[in-house]
Every structure is written in structure tokens, then in C-alpha cells.
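What the coordinates show
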Amino acid sequence: MLASAAHAAPQPPISDETILEGVQLGEEVEGRVDGDLNGDGDPDTAFIIASPDSRDLYVVLSYRSEVDFGHQPGGQLKLPSDAFGPAGLTIKKGVLIIEDLSGGTTALSATYRYRADKVEPKMRLIGLDATVYSRTYAHDGNAMSWNLVTGDVETKLLRKIGDGEDATYEDAFVTRFKRTSKPVYMNDTPDAEEQLVAFTKAK
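These lines cover the structure that appears in this document, whether it is placed above or below. Owing to the predicted nature of the structure, the values given are computational and were not obtained by experimental measurement. (Residues numbered from 1 in each chain as written. Predicted model: local features only at pLDDT ≥ 70, side-chain atom pairs only at ≥ 80, totals over all residues. Heavy atoms only, no water.)

Take the environment of S51 next. With respect to the helices and strands, S51 occurs in the loop between β2 (44-50) and β3 (55-64). With 22 residues separating them in the primary sequence, S51 and V29 have C-alpha atoms 9.0 Å apart. The contact partners of S51, leaving out residues within four places of it in the chain, are G26 and E27. (Helix = DSSP H or I, 4+ residues; strand = E, 2+ residues; numbered from the N terminus. Contact = heavy atoms within 4.5 Å.)

Right, let's talk about unusual backbone geometry for a bit. The backbone phi angle of K93 is positive, close to 50°, even though this residue is not glycine. Mapped onto the elements, K93 comes out in the loop between β5 (88-92) and β6 (95-103). Of note, the phi angle at F173 is positive, near 50°, even though the residue is not glycine. Of note, F173 is situated in strand β11 (residues 168-178). Using a relative accessible area of 61% as the deciding quantity, one classes F173 as exposed. (Buried < 20%, exposed > 50% of the residue type's maximum accessible area, 1.4 Å probe, protein only.)

Bringing the sheet that holds β3 into the picture now. With antiparallel pairing, four strands are arranged side by side in an open sheet as β1-β2-β3-β4. Unpaired on one side and paired on the other, β1 (28-35) and β4 (69-79) mark the two borders of the sheet. Pairs of neighbouring strands in the sheet enclose a mean axial angle of 20°, with direction left out of account. (Pairing = 2+ DSSP bridges. Axes fitted to C-alpha atoms, helices over the stretch in contact; angles between N-to-C directions.)

The next point concerns the sheet that holds strand β7 (residues 106-116). Read across the sheet, seven strands follow the order β5-β6-β7-β8-β9-β10-β11 without closing on themselves; strand pairing throughout is antiparallel. Since the sheet does not close on itself, it has two edges, and those belong to β5 and β11, each with one partner. Within the sheet, the average angular offset between the axes of one strand and its neighbour, ignoring direction, is 15°.

When you tally the buried positions in β3, you get seven out of 10 residues, the bulk of the element. Sheet analysis places β2 next to β3, joined by six bridges and oriented antiparallel. In the sheet register, A46 faces β3, and the bridge partner there is V59. Remark: four residues form the turn of the hairpin made by β2 and β3, two consecutive strands paired antiparallel.

A separate point is the nonpolar core. By size, the foremost hydrophobic cluster in this structure holds 33 residues, and its most contacted members are L57, V59, L96, Y112, Y114 and M123. Mapped onto this core, the elements with two or more residues apiece are β2, β3, β4, β6, β7, β8 (123-134), β9 (141-147) and α3 (192-202). Not counting residues up to four positions away in its chain, the partners in contact with V59 are L37, T45, A46, Q72, P73, G74, G75, L96, M123 and M186. Judged by nonpolar contacts, the second largest core, of five residues, contains I14, I19, I49 and V60. (Core = buried A, V, L, I, M, F, W, Y, C linked by side-chain atoms within 4.5 Å.)

Moving on: the pattern of salt bridges. Here the structure, examined in full by the defined rule, presents 13 salt bridges. A salt bridge links K156 to D171, with the nearest nitrogen and oxygen atoms 3.1 Å apart. Of this pair, K156 sits in strand β10 (residues 152-161) while D171 sits in strand β11, and the two are 15 residues apart along the sequence. Looking at K156, the relative accessible area reads 22%, which means it is partly exposed. Residue D171 is classed as partly exposed on the basis of its relative accessible area, which comes to 46%. A single salt-bridge network, built from bridges that share partners, covers D16, R32 and D34. (Salt bridge = Lys/Arg side-chain N within 4 Å of Asp/Glu carboxyl O.)

Next up on the list: the environment of E27. Within the secondary structure layout, E27 lies in the loop between α2 (16-21) and β1. Taking the C-alpha atoms as reference, E27 lies 9.0 Å from R55; in sequence the two are 28 residues apart. Setting aside its immediate chain neighbours within four residues, E27 contacts G22, I49, A50 and S51. A distance of 2.8 Å separates a polar side-chain atom of E27 from the backbone nitrogen of Q24. (Polar contact = N/O pair within 3.5 Å; in protein donor to acceptor, adjacent residues only side chain to side chain.)

All quantities given are derived from atomic positions and should not be read as evidence of function.
Next comes the structure, spelled out in C-alpha cells:
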């Protein structure tokens, strides 16, 4: 009876110490977020390990059975190394959202959305947004939004208007079309900028 009660109690998320055990010399934990991703009532964890040359996001999913409980890998995502700062990590209604900004004078803003697969302990990509633009308004930009659940894609040109302090972007040539896809898991997430280029050339 006591064992059953203890087993039913929510297990804590993985500790900072456990994450730090996998950190190598020159690496650091850029950020982490805890929340229930697979709907079992226990907290799951997403965290980013960064170094000057690489940034990788990892997801650890909780699991429990009648005889055991613990944590298991749920996916890994390689992020651009030239980030402007820590990525935003949030969990909303069971969806993991990663918001990342990287690049230089020309920047790439990318937002990834993942939901835990109902069958396998993997994170599945359900949404990808990407925008490439000039931080100094030196040229036009492009943006795309892809909902992998419905297949809906929207692309648009960001047209530069004005000069100097009055420079800004306005939406132009907005196109919408369908692009269905088989399930895309976190480890197979397409490069956000390459996907943007593929879609803007496709239509």
C-alpha cells in the first residue's frame, strides 16, 4: 500500500545537478523549462547546453509504469551557434515553444513548436516559423509560418520602406498554400532558414 502511494505521487523534474553531469568543459546551461509535455501529470524538462561553437536543446520526458518510473530522452534539436542571447523556452498547454534569434546584421528569428507523440516517447514538430531580415534595414526580408498539423503555410516578403530612423518593414506578396508532411520528430527538424528558402521559392 505504501509503495503504491509513493509510486502514485508526482515525481520531481530532473535536477540541475543531473543536467550538469553531462556538461563538458566550455559548455554551460543556457536555459531550462519544466512542465508536463506527455500528459502523465509529471514534469518533463527541456534545456539548452551551449558553448562558443554549438547549442543543443534536449528534452527529457518522464515515464511511469506499474513497476517503474523515471526519465527518458524525448529529442534533441541543434540550434544556431551565433545566437544574440538565450533562447526563449516555454510550455503552454502541453506544447514546447522555442523562440530563437541568431545571425549578424542579417538575423534569423525562428520559433519551433513541439508536442509529445501519443505513441512513441518523442517530441513531434507541429509548427515552424522563420523570418530573415536586416537589423539595419539594409534589404528586404522574408517570413514563413508552417503548421505541420493542418499543412497550412503562409509566406510573405517583408518590404523595406522609409530610410534612417523611419525605416521599417511592411508585408507584401503574402501567399498561402498547403504542404502536408509525414510526422517530423525533433531530431529530424529541418533547418529553419533552409525551410524558409524552400517555401519562398516553391510559391
